[in-house]
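# Observations on the model geometry
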Amino acid sequence: MFSKTLPFDREFIEKLAEQYPTPFYLYDEKTLRRNARLFTESFAWNTGFKEFFAIKANPNPELLKILKTESLGGDCSSLPELLICERVGMNGEEIMFTSNNTPATEFIKAKKLGAIINLDDLAHLEFLEHHAGLPDLISFRWNPGALRDVESVIGNPVEAKYGLTTDQIFEGFAMAKRKGIKRFGLHTMVASNMLQNEFFHYTAKTVFELVLEIERRVGVRIEFVNLGGGFGVAYRPEQTPLDLKRVAEMIHEEYDKLIIPSNLSPLKIFTESGRLVAAESGTLLTRVIHEKNIYKRYIGVDACMANLMRPGMYGAYHHITALGKPEHSGLAVETVDVVGSLCENCAKFAVDRALPKIEIGDLLAIHDAGAHGYAMGFQYNGKLRCAELLLQENGTVRMIRRAETPDDYFATLILK
Ligand SMILES: *Cc1c(COP(=O)(O)O)cnc(C)c1O
């Protein structure tokens, strides 16, 4: 039988809920560190390797501080995300700025921080020069266009708004070289939540081939390749997780085949994963407040889609554990929809889910919510974002963001 484990039990959460009312996010520092180290250890063979945590996935600065101690950098695409990096003491090439349709103010801030600027369009080189001046190091984001056998949430790269075409990549580096830029990087990201090891091998291979071609055609030596994010999480207990160690080995083999014989080594490898670093460390804890039996049976909880949008928005699966009710204990199982209170019928955490017999007052743990969870929160329908708590390595819990109150909801209004 497949199941998922949690680093706490019902008693622990009941105690916590006396101090911090549900719903709340609880992040496990140990799991966060373990998954950060998975990147640094898997790619230890590559001198200069760096994982830039995609702040989009979880913008809580306390988590970013932890990741910084694991030697991760930050990947930003907005002004507040750059400010978050600055706040936790990241600067210079610890920050990757991978944005698109970028406002001038953001380029100016990124340049001031000395961040690695990754351009999403040919025209952005002059836009950057005009507004912020040119840095010594520039990177371009490559959109490979038609790819073999690629299915992803991002979809067909031809339909994606991101990056430069292959022809434009050569033009971009030639233009950058003419403008006196000395250091160069290449970025691509064509997957989202991908669980196939082979996919990342294939991506790395095509990127390495492009590095060779850029050197041959433009005489530009690439210093790093950024393989983006998209490293998948096995949200369903029966799914086979991505094997990042194996992925890194396959990329190593390709490096030895293509980069070393071409004398293009050292070539640094960068990643900008959000999901695989943070998802597993975060759990959304919520209490059952209603049960309703109409054409279907509904379990109503005190969290809603404003706290975790992925199931409602993408139909994404998040595993749910009823704390204190083991999944395979032989307890009666029932099939239910687990719903929040938002007035949209998509606002469900699970549809037709088999769970142990649920009662009002039960605590439900919604797994793997540490990435693209709190981060996608919103206030639609007057729903407020919940608190975030950190289960520290020493076993104590610390609040790292308080819950919003109606005052926060009214804070930006200008009322007569
Ligand atoms: C969203 C995003 C990421 C992170 O993606 P994950 O699926 O969380 O790994 C990295 N880079 C860019 C440019 C992104 O847009």
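For the structure itself, look to the data block above.
Residues numbered from 1 in each chain as written. Predicted model: local features only at pLDDT ≥ 70, side-chain atom pairs only at ≥ 80, totals over all residues. Heavy atoms only, no water.

### A word on helix α8 (residues 197-218)
In this model α8 runs 32 Å from its N-terminal to its C-terminal C-alpha over 22 residues, within 8% of the 32 Å that 1.5 Å per residue would give. Residue Gly219 follows α8 closely and has a positive phi angle near 70°. (Helix = DSSP H or I, 4+ residues; strand = E, 2+ residues; numbered from the N terminus. Expected span 1.5 Å × (residues − 1).)

### Thoughts on the environment of Leu195
As for its position among the elements, Leu195 is in the loop between β7 (183-188) and α8. In sequence terms Leu195 and Leu364 are 169 residues apart; their C-alpha atoms lie 27 Å from each other. Excluding residues that lie within four positions of it along the chain, Leu195 makes contacts with Gly232, Val233, Ala234, Gln239, Thr240, Pro241 and Leu242. (Contact = heavy atoms within 4.5 Å.)

### Considering the layout of surface pockets
When its volume is computed, the second largest pocket comes out at roughly 560 Å³. Contributions of two or more residues to the lining of the second largest pocket are made by β1 (24-28) and α2 (29-42). With 4 residues, the single largest contributor to the lining of the second largest pocket is α2. Of the residues belonging to the lining of the second largest pocket, the class tally is 12 nonpolar, 9 polar and 6 charged. (1 Å grid on protein atoms, 1.4 Å probe; cavity = no way out; pocket = protein on both sides within 12 Å on 5 of 7 lines; lining within 4 Å. Points joined across faces, edges and corners; volume = space filled by probe spheres on them. Nonpolar A, V, L, I, M, F, W, Y, C, P; charged D, E, K, R; others polar.)

### Here we look at the pairing of strand β15 (residues 363-366)
Looking along a regular strand, one sees the side chains alternate between the two faces of the sheet. Going residue by residue along β15, you find Leu363 and Ala365 tucked away on one face and Leu364 and Ile366 tucked away on the opposite face as well. When strand β10 (residues 282-293) meets β15, the two strands line up antiparallel, connected through 4 bridges. Across the sheet, residue Leu284 finds its bridge partner in β15, namely Ile366. Pairing between strand β12 (residues 320-322) and β15: 3 bridges, direction antiparallel. Paired with Ala322 across the bridge in β15 is Leu364. (Buried < 20%, exposed > 50% of the residue type's maximum accessible area, 1.4 Å probe, protein only. Pairing = 2+ DSSP bridges.)

### Points about the sheet that holds strand β3 (residues 73-76)
Taken in spatial order, the 8 strands line up as β2-β3-β4-β5-β6-β7-β8-β9 and close into a barrel, and their pairing is parallel. Neighbouring strand axes in the sheet, compared pairwise and without regard to direction, differ in orientation by 25° on average. Of the strand pairs in this sheet, β3 and strand β4 (residues 95-98) are connected by 3 bridges, and their pairing is parallel. Note that in β4 the partner of Asp75 across the bridge is Met96. The strands touched by helix α4 (residues 79-87) are β3 and β4; relative to β3, the strand with the most contacts, the crossing angle is about 165°. (Axes fitted to C-alpha atoms, helices over the stretch in contact; angles between N-to-C directions.)

### With respect to the nonpolar core
Formed by 101 residues in total, the largest nonpolar core has its most connected members in Ile138, Phe173, Leu186, Phe208, Ile222 and Val338. Tallying contributions element by element places α8 first for this core, with 9 residues. (Core = buried A, V, L, I, M, F, W, Y, C linked by side-chain atoms within 4.5 Å.)

### So, a nonpolar patch on the surface
Judged by side-chain polarity, Tyr409, Phe410, Leu413 and Leu415 come together as a nonpolar surface patch covering roughly 410 Å² of accessible area. Structurally, Leu413 can be placed in the segment after α12 (406-410). (Patch = residues over 30% accessible without salt bridge, like charges linked within 9 Å, V, L, I, M, F, W, Y side chains within 5 Å. Areas by Shrake-Rupley, 256 points an atom, 1.4 Å probe, with all protein chains shown as cover. Salt bridge = Lys/Arg side-chain N within 4 Å of Asp/Glu carboxyl O.)

### What to know about empty space enclosed by the protein
Per the counting criterion, the structure on display carries 3 cavities of 30 Å³ or more. The calculated volume of the largest cavity comes to roughly 70 Å³. Every residue lining the largest cavity is counted, 12 residues in all, and those nearest its centre are Asn143, Ala160, Tyr162, Met189 and Val190. Across the lining of the largest cavity, the residue classes tally to 8 nonpolar, 3 polar and 1 charged. The space that makes up the second largest cavity amounts to roughly 40 Å³.

### Considerations on the packing of aromatic side chains
A full pass over the atoms with the stated rule returns 17 aromatic pairs. Note on Phe140 and Phe173: the rings are 5.0 Å apart at their centroids and 85° apart in plane angle, and the pair reads as edge-to-face. Of the two residues, Phe140 sits in strand β6 (residues 137-142) while Phe173 sits in helix α7 (residues 166-178), which places them 33 residues apart along the sequence. The same class applies to Phe140 and to Phe173, which are both buried. Here the aromatic rings of Phe224 and Phe270 are separated by 4.5 Å at their centres, their planes lie at 25°, and the arrangement is stacked. (Phe/Tyr/Trp six-rings, centres within 6.5 Å; stacked < 30°, edge-to-face > 60°.)

### Description of the site of the ligand
Neighbouring residues of the ligand: 13 residues in total, closest Lys56, Gly230, Glu272, Arg275 and His372. Within the contact set of the ligand, an oxygen atom lies 3.0 Å away from a backbone nitrogen or oxygen of Gly230. The backbone of Arg275 places a nitrogen or oxygen atom 2.8 Å from an oxygen atom of the ligand. For the shell around the ligand, a count of residues per class yields 2 nonpolar, 6 polar and 5 charged. (Near = heavy atom within 4 Å. Polar contact = N/O pair within 3.5 Å; in protein donor to acceptor, adjacent residues only side chain to side chain.)

### Concerning the state of the cysteines
Applying the stated criterion across every chain, the model contains 0 disulfides. Between Cys85, a free cysteine, and Cys76, which holds the nearest cysteine sulfur, the sulfur-to-sulfur gap is 3.5 Å. On the accessibility criterion, Cys85 (0% relative accessible area) is buried. Cys343 takes part in no disulfide bond, and the closest cysteine sulfur, belonging to Cys304, lies 9.7 Å away. The exposure class assigned to Cys343 is exposed, which follows from its relative accessible area of 63%. (Disulfide = S-S within 2.5 Å.)

### Here we look at the packing of α8 against helix α9 (residues 244-258)
The contact between α8 and α9 brings their axes to 9 Å, and the two run at 25°. Classified by the interaxial angle, the pair formed by α8 and α9 is roughly parallel. For the pair α8 and α9, the crossing hand works out as right-handed. Judged by residue contacts, Asn197, Glu198, Phe200, His201, Ala204, Lys205, Phe208, Glu209 and Leu212 of α8 engage Arg246, Val247, Met250, Ile251, Glu254, Tyr255 and Leu258 from α9. (Parallel < 35°, antiparallel > 145°, perpendicular 65-115°, else oblique. Left-handed = near helix turned anticlockwise from the far one by under 90°.)

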